[in-house]
Amino acid sequence: MSIYHKIIIKPIINEKSLNLVSKENKYSFYVDPKVNKKEIKTAIEKLFNVNVTKVNVINIKGKIKNFRRIEGKLNDRKKAIVELKEGQSIEAFNSLK
């Protein structure tokens, strides 16, 4: 497993993210909370052989939940929305449209 697989945790596949793919050529991923935009950009370019033009990052705070009588907190997550150069795409998302 390369270092790039540790940066990109998994793609986000839901109705909203698939609409972004088809309309705006933007792809969504959950990423490691410790990485920055430059590291995300290089990881996407190396893993999928595409050119990234823009990276937006969203930090998601973990919700507070009750587990029986004990209060707990879900993990914080980081989401990256990546815009690719015109005419390029990621094959894994194209099969889901």
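Here the structure is a predicted model, which is why all the values come from computation and not from measurement.

**Student:** An account of a positive patch on the surface is requested, with residue identities and associated values reported.
**Tutor:** Among the surface-exposed residues, Lys10, Lys63, Lys65 and Arg77 lie close enough to one another that they form a single positively charged patch. Here Lys10 shows up in strand S1 (residues 8-11). You can call Lys10 partly exposed: its relative accessible area is 45%.

**Student:** Go over the pattern of salt bridges with me, naming the residues and quoting the values.
**Tutor:** Within this structure, the stated rule accounts for 2 salt bridges. In this structure, Glu24 engages Lys26 in a salt bridge whose closest nitrogen and oxygen atoms are separated by 3.3 Å. Owing to a relative accessible area of 42%, Glu24 belongs among the partly exposed residues under this scheme. We classify Lys26 as buried; its relative accessible area is 17%.

**Student:** Describe the sheet that holds strand S2 (residues 26-31), naming the residues involved and giving the relevant values.
**Tutor:** Strand order in the open sheet formed by 4 strands is S1-S2-S6-S3, with antiparallel pairing between adjacent strands. Bordering the open sheet on either side are S1 and strand S3 (52-60), each of which pairs with just one other strand. Mean inter-strand twist for the sheet, computed between neighbouring axes without regard to direction, equals 30 degrees. Alignment of S1 against S2, held across 3 bridges, turns out to be antiparallel. Residue pairing for S2: Pro11 is matched across the bridge by Phe29.

**Student:** Please give an account of the packing of aromatic side chains that cites residues and values.
**Tutor:** Applying the stated criterion across every chain yields a total of 1 aromatic pair. Summarising the aromatic geometry, the rings of Phe29 and Phe48 are spaced 5.9 Å apart at their centres and angled 25 degrees between planes, so their arrangement reads as stacked. Highlighted residues: Phe29 in strand S2 and Phe48 in helix H3 (residues 37-48), separated in sequence by 19 residues. With relative accessibility at 30%, the residue Phe48 sits in the partly exposed group.

Reading guide: rules and limits
Residues numbered from 1 in each chain as written. Predicted model: local features only at pLDDT ≥ 70, side-chain atom pairs only at ≥ 80, totals over all residues. Heavy atoms only, no water. Patch = residues over 30% accessible without salt bridge, like charges linked within 9 Å, V, L, I, M, F, W, Y side chains within 5 Å. Areas by Shrake-Rupley, 256 points an atom, 1.4 Å probe, with all protein chains shown as cover. Salt bridge = Lys/Arg side-chain N within 4 Å of Asp/Glu carboxyl O. Lys, Arg positive; Asp, Glu negative; His and termini not counted. Charge placed at Lys NZ, Arg CZ, Asp CG, Glu CD. Helix = DSSP H or I, 4+ residues; strand = E, 2+ residues; numbered from the N terminus. Buried < 20%, exposed > 50% of the residue type's maximum accessible area, 1.4 Å probe, protein only. Pairing = 2+ DSSP bridges. Axes fitted to C-alpha atoms, helices over the stretch in contact; angles between N-to-C directions. Phe/Tyr/Trp six-rings, centres within 6.5 Å; stacked < 30°, edge-to-face > 60°.

None of the figures reported here should be taken as evidence of function without further support.
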